[in-house]
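Fold and contact review
So the chains spell out like this:
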Amino acid sequence: MLAPMMKTPLLISSLLEFGVVSHPDAEIVSRKVEDGSIHRTTQGEAAKRAKQLANALLNWGVKPGDRIATLAWNTWRHYEAYYATTGIGTVCHTINPRLFPEQLEYIFNHAEDRMVFVDLNLVPLLENLEGKLPHLQAIVVMTDSDNMPDSKLQNLICYEDFIAAHSTEFEWPRLDEDTDCSLCYTSGTTGNPKGVMYTHRSTVLHAIASLPQQALNISQDSVILPVVPMFHVNCWGIPYAVTITGAKLVFPGAAMDGKSLWELIVSEKPTLLAGVPTVWLGLLNYLDSINETMESVDSVVVGGSAAPLSMIKAFDEKHGAFLLHAWGMTEMSPIGTINAPNKQLNALPASERYEIQRKQGKPVFGVEMKIIDDDGNELPRDGKAYGRLMVRGPWIVNAYYKSDKVATEDGWFDTGDVANIDPDNYMQIVDRSKDVIKSGGEWISSIDLENVAVGHPAVAEACVIGIPHEKWQERPLLLVILKEGASATREDILEFLEPQLAKFWLPDDVVFRDELPHTATGKLLKVPMREEYASHYLK
Ligand code: ADP
């Protein structure tokens, strides 16, 4: 029997409308891209402008399903574009400006974006692609008429002029909840980036699931500083979560260095920060250099790459902030697991708690997970066995955009990560399956090795790769960038690692470098490193 309950669609526009009636005064503070000054608005005001933008887009001639790109930092205008484009039934396609020009070209053309909203300082990226984007018909610069750039591009549209003449009234269409709403591409560590198309339903459910205390703990009283960009998997869903709760949002604009973030922390007093480990390294180093501590921050969400123990400790011991370790991926909208504080965890001695915090956490409601061996058999949840991490849930990809199905027959998605799950349901990433080092029949986690290495006081960044070895098949090589002004020898580093690792895990060599290659989302790009050092142990 199907029970006679109402079936109202889960729509992004209903998030916005809920914010308007429930907490129109909830603040949205942004650092302006134009001049770094602070802009203040509210959910109520932003909703009115999103409606102006919706009217402007329809008047311009967008059609349902059209892809509308954004090439922009975290600001209130980007927030308006998120809601306006999705609300009218077009697709908000956020593009990462840190991608290489060829990747940008590929993504624009693969998505067939008709229009792009671009931040002032990113206009040059489009100038470089002039003549290469046949589908693109309009470029809207997210600024006012006083700041419009001199550009060789023809017919640039000014955002403020584009919306100015339009009404702040708009009735959002009652779309099917399975309608496409936003599109993100993976950063393509191998091959071309792949697109993941989200739906209204998947986005709304993901936003709800991110709220509870055992997830991100977002309430009306939260003040969130998402440093994770709005082009990185929808800013981890935060712009959608805040309209449900009325939390204050603090957008850092284009300035994500330690000093700029610290200024925002002092003036806006965020309780929750969110971003990738590299951003927090920058902030922590800056705070050390000026000898300051954060007072307002309760927790710092860290995801995208593993959070090192030294970072968990630094936030706790120096700043009284809990590092909320989270794991997810573009294919998962992105949240999969979160390692949130709870009574049991808080009761543990710090050193034991840190060990648990190093794990990527427990699945949020909606996400199922299991680990399997190479034959597809499920492995025990004993915290020891590790295998391919499979996931399933309402905001997980079934097929890439314009591509074949990727989920298995029984509906699971292979994350490409290798993990273990303990009896308390905490998941821990061992490595990406393509990065795990196979040495003499044993596995070595490159992530674990990197995390131990960055604990050395002179090490700014570490990258571990497995490279061919005559006897052991593969052996780890440690590549290190030293902190500015710091010095250490190969022997110093190995001596530091030795007591912390099993003997066969110890890298056979340490190479010092000035830089390491990264993907556009800040992850270490290991493929070129493996190629560069392929014969290092074979000489
Ligand atoms: P990409 O485009 O680089 O794949 P994603 O942001 O989708 O970008 O990356 C997802 C991957 O990032 C995961 O599959 C996992 O390997 C890695 N990852 C994400 N969060 C964590 C974490 N907390 N610890 C370790 N690895 C992580």
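Throughout this description, residue numbers start from 1 for each chain and increase along the sequence as written. For a predicted model such as this one, the threshold for reporting local features is a pLDDT of at least 70, and the threshold for listing and counting side-chain atom pairs is 80 or more; totals across whole chains, interfaces and linings nevertheless cover every residue. As a rule here, side-chain values cover all heavy atoms of the structure and leave hydrogens and water aside.

A short note on helix α1 (residues 12-22)
Each α-helix turn comprises 3.6 residues. Residues three or four places apart therefore point the same way. Along α1, the residues classified as buried are Ile12, Ser13, Leu15, Leu16 and Gly19. Projected down its long axis, α1 carries its buried residues within an arc of 155°, all on one side. Each residue gets one of three labels from its accessible area relative to the maximum for its type: buried under 20%, exposed over 50%, partly exposed in between, using a 1.4 Å probe on protein chains only. Strands are runs of DSSP state E lasting at least two residues, helices are runs of H or I lasting at least four, and both sets are numbered from the N terminus onward. Here, the arc refers to the directions that run from the helix axis to the C-beta atoms.

Focus: the domain arrangement of the protein chain
Domain annotation for the protein chain reports domain 1 (7-21 + 38-199), domain 2 (369-432) and domain 3 (437-532). Here the C-alpha centre of domain 3 lies 40 Å away from the C-alpha centre of domain 1. Only heavy atoms matter for contacts: two residues are in contact if any of them lie within 4.5 Å across the pair. At the interface, 6 residues of domain 1 touch 5 residues of domain 3. Summed over both partners, the interface of domain 1 with domain 3 comes to about 470 Å²; 66% of that surface belongs to carbon and sulfur atoms. A carboxyl oxygen of Asp or Glu within 4 Å of a side-chain nitrogen of Lys or Arg is what we treat as a salt bridge. At the junction of domain 1 with domain 3, the criterion picks out 0 salt bridges. Two N or O atoms count as a polar contact when they lie within 3.5 Å, although within protein this holds only if one can serve as hydrogen donor and the other as acceptor, and sequence-adjacent residues are included solely when both atoms are side-chain atoms. Scanning the region where domain 1 abuts domain 3 turns up 1 residue pair in polar contact (both at pLDDT 80 or more). Where each domain starts and ends follows an automatic or database-derived domain assignment. Accessible-area loss on putting two parts together, using a 1.4 Å probe and summing over both, is the definition of buried area adopted here.

As for the pairing of strand β18 (residues 387-392)
At least two bridges found by DSSP between two strands is the condition for calling them paired. Summarising the sheet, strand β17 (residues 368-372) and β18 pair through 5 bridges and their orientation is antiparallel. Counterpart to Met369 in the pairing with β18 is Val391. Where β18 and strand β19 (residues 413-421) come together, 4 bridges link them in antiparallel fashion. Within β19, the position partnered with Arg388 by the bridge is Val418.

Details of the site of the ligand
Throughout, near means a residue has at least one heavy atom within 4 Å of the molecule or strand. Neighbouring residues of the ligand: 17 residues in total, closest Ser187, Ala326, Thr330, Asp417 and Arg432. Taking Ser305, its main chain carries an N or O atom lying 3.5 Å from a nitrogen atom of the ligand. One of the backbone nitrogen or oxygen atoms of Ala306 is found 3.2 Å away from a nitrogen atom of the ligand. In terms of residue count, strand β14 (residues 322-328) provides more of the shell around the ligand than any other element does, 4 residues in total. Charged residues are taken to be Asp, Glu, Lys and Arg, nonpolar residues to be Ala, Val, Leu, Ile, Met, Phe, Trp, Tyr, Cys and Pro, and polar residues to be all remaining types, Gly included. Here the shell around the ligand is composed, by residue class, of 4 nonpolar, 10 polar and 3 charged.

Focus: the layout of surface pockets
In this analysis a 1.4 Å probe is tested at points of a 1 Å grid over the protein atoms alone, and where it fits but cannot get out there is a cavity; an open set with protein on both sides within 12 Å along at least five of seven lines is a pocket; lining residues have an atom within 4 Å of a point. Grid points are joined across faces, edges and corners, and a volume is the space filled by probe spheres set on the points. Of the volumes computed, that of the second largest pocket is approximately 270 Å³. Of the residues belonging to the lining of the second largest pocket, the class tally is 9 nonpolar, 4 polar and 2 charged.

As for the packing of aromatic side chains
What describes a pair of aromatic rings is the distance from one ring centre to the other and the angle between the planes of the rings. Only Phe, Tyr and Trp rings take part, Trp by its six-membered ring, and two of them pair if their centres are within 6.5 Å. Stacked means planes under 30 degrees apart, edge-to-face means over 60, and tilted covers everything else. The tally for this structure, following the rule as stated, stands at 10 aromatic pairs. Look at Tyr83 and Tyr240: their rings are 5.5 Å apart centre to centre, the planes differ by 75°, and that puts the pair in the edge-to-face class. Placement of Tyr83 in helix α3 (residues 76-87) and of Tyr240 in helix α8 (residues 238-245) is noted, with a sequence separation of 157 residues between them. On the basis of an interplanar angle of 65° and a centroid distance of 6.5 Å, the ring pair of Phe117 and Phe162 is categorised as edge-to-face. Taken together, the positions of Phe117 in strand β5 (residues 115-118) and Phe162 in helix α6 (residues 159-164) put the pair 45 residues apart, joining distant regions of the chain. In this structure Phe117 comes out as buried when scored by relative accessible area, which is 0%. Each member of the aromatic cluster is reached from another via a ring pair, and the members are Tyr79, Tyr82, Tyr83, Tyr240 and Phe251.

Here's the deal with helix α9 (residues 258-268)
Along α9, the residues classified as buried are Gly258, Ser260, Leu261, Trp262, Leu264, Ile265 and Glu268. The inward-facing, buried residues of α9 contact β1 (27-31), β2 (38-42), β10 (223-226), β11 (248-251), β12 (272-275) and α10 (277-290). Just past α9, the residue Lys269 takes up positive phi, approximately 50°.

Observations regarding the packing of helix α2 (residues 43-60) against α3
Every axis corresponds to a line fitted to the C-alpha atoms, with the helix fit spanning only the stretch in contact, and the corresponding angles, defined between N-to-C directions, vary from 0 to 180 degrees. Between α2 and α3, the shortest axis-to-axis distance is 8 Å and the interhelical angle comes to 55°. For the element pair α2 / α3, the angle class is oblique. Both α2 and α3 take part in a crossing whose hand is right-handed. Only Trp76, Arg77, Tyr79, Glu80, Ala81, Tyr83, Ala84 and Thr85 of α3 make contact with α2, whose side of the interface consists of Gln43, Ala46, Arg49, Ala50, Leu53, Ala54 and Leu57. Each residue belonging to the contact of α2 with α3 can be placed in one class, and the counts come to 10 nonpolar, 2 polar and 3 charged. In what follows, roughly perpendicular refers to angles from 65 to 115 degrees, roughly parallel to angles under 35, roughly antiparallel to angles over 145, and oblique to any angle outside these ranges. By the definition used in this description, the sense in which the near helix is turned from the far one sets the handedness, with an anticlockwise turn below a right angle giving left-handed and a clockwise turn giving right-handed.

Observations concerning the sheet that holds strand β25 (residues 509-512)
The mixed open sheet is built from 3 strands, whose spatial order is β23-β24-β25. The open sheet is flanked by β23 (459-469) and β25, the only strands paired with a single partner. In this sheet, neighbouring strand axes are inclined to one another by 30° on average, regardless of whether the strands run parallel or antiparallel. Of the strand pairs in this sheet, strand β24 (residues 473-482) and β25 are connected by 4 bridges, and their pairing is parallel. When the bridges of β25 are listed, Val480 appears paired with Phe512. Packed onto the sheet, helix α14 (residues 446-453) meets β23 and β24 and runs at close to 145° relative to β23.

Looking at the pairing of β24
For β24, a buried count of 7 out of 10 residues is recorded, marking the element as mostly surrounded by other parts of the structure. Here β23 pairs with β24 via 10 bridges, running antiparallel. Among the inter-strand pairings, Val459 is bridged to a residue of β24, identified as Leu482. Note that the unit made of β24, helix α15 (residues 490-497) and β25 has a crossover that is right-handed. With its strands directed away from the observer, a crossover is right-handed exactly when the path from the first strand over the helix to the second travels clockwise.

Quick look at the nonpolar core
Within this scheme, the nonpolar core is defined by two criteria: the residues are buried Ala, Val, Leu, Ile, Met, Phe, Trp, Tyr or Cys, and they are joined through side-chain atoms within 4.5 Å. One finds Leu57, Tyr79, Phe108, Phe117 and Trp280 to be the most contacted residues of the largest nonpolar core, which totals 147 residues. Split by domain, the residues of this core number at least three in each of domain 1 (7-21 + 38-199) and domain 2 (369-432). The residues contacting Phe117, other than those within four sequence positions of it, are Leu53, Leu57, Ile68, Ala69, Thr70, Leu71, Ala72, Val140, Met142, Tyr159 and Phe162. Counting residues in each nonpolar core, the second largest holds 20 residues, with Val452, Ala453, Ala462 and Val480 among its members.

Comments concerning the sheet that holds β2
Strand pairing in a sheet relies on backbone hydrogen bonds, with the paired strands running either antiparallel or parallel. Taken together, the 9 strands give an open sheet; going across it, the order is β2-β1-β11-β10-β12-β13-β14-β15-β16, and neighbouring strands pair in mixed fashion. Edge strands, defined here as strands with exactly one partner in the open sheet, are β2 and β16 (362-363). Bridging between β10 and β12 involves 3 bridges; their strand directions are parallel. Note on β12: the bridge partner recorded for Leu225 is Leu273. Contacts from α10 reach β12 and β13 (299-302) within the one sheet, and its direction differs from that of β12 by about 125°.

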